[in-house]
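# Geometric and topological summary
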Amino acid sequence: MSVAAIVVAAGRGLRAGAAVPKQYHAIAGDQVIRLSLSLFAAHPRIDLVQSVINGDDLDLFQAATAGLSLLPPVTGGATRQASVRAGVEALAAHAPDVVLVHDAARPFASASLVTRAIDAIADAQAAVPGLSLADTVKRVDPEGRVVETLNRDALRTVQTPQAFRLTALRDAHARALAAGRDDFSDDAALMEWAGASVAIFPGEPGNVKLTTPDDFLRAERARMAELGDVRIGAGYDVHAFGDGDHVMLGGLRIAHERGLSGHSDADVVLHAAVDAILGALADGDIGEHFPPSDPRWRGAASELFLRDAISRVKARRGMLAHLDVTIVCEAPRIGPHRDVMRQRIAEIAGIDPSRIAIKATTSERLGFMGRREGMVAMATATVRLPWSAP
Ligand code: MG
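Read on for an overview of the structure. (Residues numbered from 1 in each chain as written. Predicted model: local features only at pLDDT ≥ 70, side-chain atom pairs only at ≥ 80, totals over all residues. Heavy atoms only, no water.)

## Remarks on the coordination of the magnesium ion
In ideal tetrahedral geometry, four donors around a metal make angles of 109.5 degrees, whereas ideal octahedral geometry with six donors gives angles of 90 or 180 degrees. Cut-off, in case you're wondering: Only nitrogen, oxygen and sulfur atoms within 2.8 Å of the metal, or 3.2 Å for Na, K and Ca, are treated as donors, and water is left out, so sites may look incomplete. The helix and strand labels rest on DSSP assignments: H or I over at least four residues marks a helix, E over at least two residues marks a strand, and numbering proceeds from the N terminus.
Bound to the magnesium ion are the protein donor atoms Asp237 (OD), Asp237 (OD), His239 (NE2) and His271 (ND1), situated 2.3 to 2.7 Å from the metal. Each donor residue of the magnesium ion lies on one chain, and together they are spaced D-x1-H-x31-H. Residue His239 is found in strand S13 (residues 229-242), and its partner His271 is found in helix H8 (residues 268-281); the two are separated by 32 residues along the sequence.

Structure below.
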């Protein structure tokens, strides 16, 4: 059974009250849309991920989803229903058996919820996650007077991802279009209208839809609470000066009367930073992951090593919270490059420059650094992980 996911992100999210649509807002440093898409992109039972976006958001989308394995996005329509239809039509060429439709504004759905959705559709045309109600529910008249108390045992609130046979969903969308109906608030409602039987499987209380600024505040607090495993890692690196007219430091090319020798580009700053992050993860060291004996890393740009370390943090659903680097050398002078270097490292690591510190000192002409034979960098990384991470 081949399975595709459609992630609907075409809304303008005006209710969240900010300059960019809500799906592009960050929660504890992670953009909502990236969280939602990476759930599906990383899920072993999902073969294809189709995003539906607003045409005005293409640049935002590309920046937010760099490095994720996704189909090219398609442009949505004026309603949610039209946007899902655009995603379904784009997927039709790939002919997956099953499609899961998910709202980008629900970034906290878990991988096991996705698995449950796929299991539930195995013997159904449509299956949606639902929760029973804790509160008593009243039906009211237009004046706000209670008409009756409903039997909450018979009620469910439903979420996404909703699972459908692709051909059945495509057919229902085509029929709704032909009937002039464009007001279905979810795909399950459209399938009910089309006469399909819709199964319910257990949803997740944490799988909330982010709508108001308050939702975002609560979500950020929850995310930071989740990242309760705060780890500090240390990194240290030395490279000797050799021939050359520049050094690479923190991903910057800095003109100097000598170069640094090494197998890669000998960027001591990034090497120390990578070891600090790997140390926080207790995941080996840079020499283990990128052995100098491997010809692939000859002359390699060290930003590649930092990107790899960051992807290891992400794979464990964590974040790099802070990186503090001390450079020890008599020359070149670091001060003039400090802020650009912070910007550069922040860009490679995908975090805010305010979370990167660069400090420099000399060794008072003592030792190999004092004799200008080589330079040293030391780094401390603060990494936050969910306590339950492997
Ligand atoms: Mg090194």
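## Some details on the side chain of Arg344
Short version of the rule: Under the scheme applied here, a residue whose accessible area is under 20% of the maximum for its type counts as buried, over 50% as exposed, and between as partly exposed, the area being computed with a 1.4 Å probe on protein chains only. Each polar contact in these results corresponds to two N or O atoms within 3.5 Å; when the atoms are within protein, one needs to be able to donate a hydrogen and the other to accept it, and residues that are neighboring in sequence are counted only if both atoms are side-chain atoms. Whether two residues touch is decided by their heavy atoms; if any such pair falls within 4.5 Å, the residues are in contact.
Residue position: Arg344 is located in helix H11 (residues 338-349). Residue classification places Arg344 among the buried residues on the basis of a relative accessible area of 16%. For Arg344, the side chain forms a polar contact with the main-chain oxygen of Gly251, separated by 3.2 Å. For Arg344, the residues in contact, after removing those within four places along its chain, are Gly250, Gly251, Leu252 and Glu303.

## Here we look at the pattern of salt bridges
To keep things clear, this is the line we draw: The salt bridge definition used is simple: a Lys or Arg side-chain nitrogen within 4 Å of an Asp or Glu carboxyl oxygen.
Summed over all chains, the structure comprises 25 salt bridges. With its nearest N and O atoms 3.6 Å apart, the salt bridge here joins Arg145 to Asp141. The class for Arg145 is exposed, based on a relative accessible area of 52%.

## Comments concerning the layout of surface pockets
How we decide: Cavity means a closed set of points on a 1 Å grid over the protein atoms alone, one where a 1.4 Å probe fits but cannot get out, pocket means an open set with protein on both sides within 12 Å along at least 5 of 7 lines, and lining means a residue has an atom within 4 Å of a point. Grid points are joined across faces, edges and corners, and a volume is the space filled by probe spheres set on the points. Three classes are used, and their members are as follows: Ala, Val, Leu, Ile, Met, Phe, Trp, Tyr, Cys and Pro are nonpolar, Asp, Glu, Lys and Arg are charged, and the others, Gly among them, are polar.
Considering only enclosed or pocket space, the largest pocket measures out at about 1,100 Å³ in volume. Looking at the largest pocket, it is lined by 37 residues, and the ones nearest its centre are Asp30, Arg34, Ser38, Leu68 and Lys314. Among the elements of the structure, strand S3 (30-31), helix H1 (32-41), helix H2 (58-64), helix H7 (213-226), helix H10 (303-315) and H11 are those that each provide at least two residues to the lining of the largest pocket. Grouping the amino acids of the lining of the largest pocket by side-chain chemistry returns 17 nonpolar, 11 polar and 9 charged.

## Some remarks on the sheet that holds strand S18 (residues 356-361)
Formally: Only strands joined by at least two bridges in the DSSP assignment are considered to pair. Here, axes are lines fitted to C-alpha atoms. For helices the fit covers the stretch in contact, and angles between N-to-C directions go from 0 to 180 degrees.
Taking strand neighbours across the sheet as the criterion, the 5 strands line up as S16-S13-S19-S17-S18 in an open arrangement whose pairing is mixed. Every interior strand has two partners, whereas the edge strands, strand S16 (259-260) and S18, have only one. The pairing of strand S17 (residues 319-328) with strand S19 (residues 374-385) spans 9 bridges and is antiparallel. In the strand pairing of S19, Val328 is matched with Val376. Those strands touched by H8 are S13, S17 and S19, and its axis lies near 150° from that of S13.

## Focus on the nonpolar core
To keep things clear, this is the line we draw: Definition of nonpolar core: a set of buried residues of the types Ala, Val, Leu, Ile, Met, Phe, Trp, Tyr and Cys, connected through side-chain atoms within 4.5 Å.
Counting 47 residues, the largest nonpolar core has Leu249, Ile277, Leu306, Ile327, Met341 and Ile345 as the members making the most contacts within it. Sorting the residues of this core by element identifies strand S14 (246-249), strand S15 (252-255), H8, H10, S17, H11, S18 and S19 as the ones contributing at least two each. The element best represented in this core is H8, accounting for 11 residues. The contact partners of Met341, leaving out residues within four places of it in the chain, are Leu249, Gly250, Leu252, Ile254, Ile327, Ile334 and Ile358. Of all hydrophobic cores here, the second largest spans 27 residues; its members include Ala5, Leu37, Ala64 and Val98.

## What about empty space enclosed by the protein?
Here the structure, examined in full by the defined rule, presents 1 cavity of 30 Å³ or more. Counted as a void, the largest cavity has a volume near 30 Å³. As for the largest cavity, its lining consists of Arg80, Gln81, His173, Phe184, Asp186, Asp187 and Leu190. Counting residues per element, the ones that place at least two in the lining of the largest cavity are helix H3 (80-92) and helix H6 (187-193). Across the lining of the largest cavity, the residue classes break down as 2 nonpolar, 2 polar and 3 charged.

## Observations concerning the environment of Val146
On the secondary structure map, Val146 appears in strand S9 (residues 146-149). Leaving out residues up to four positions away in the same chain, Val146 has contacts with Lys138, Arg139 and Val140.

## Looking at the pairing of strand S1 (residues 3-9)
Burial of S1 is extensive: 7 of the 7 residues sit out of reach of the surface. The alternating pattern of S1 places Val3, Ala5, Val7 and Ala9 on one face and Ala4, Ile6 and Val8 on the opposite face, and all of these are buried. Summarising the sheet, S1 and strand S4 (residues 48-53) pair through 6 bridges and their orientation is parallel. Each bridged residue has a counterpart across the sheet, and for Ala9 the counterpart in S4 is Ile53.

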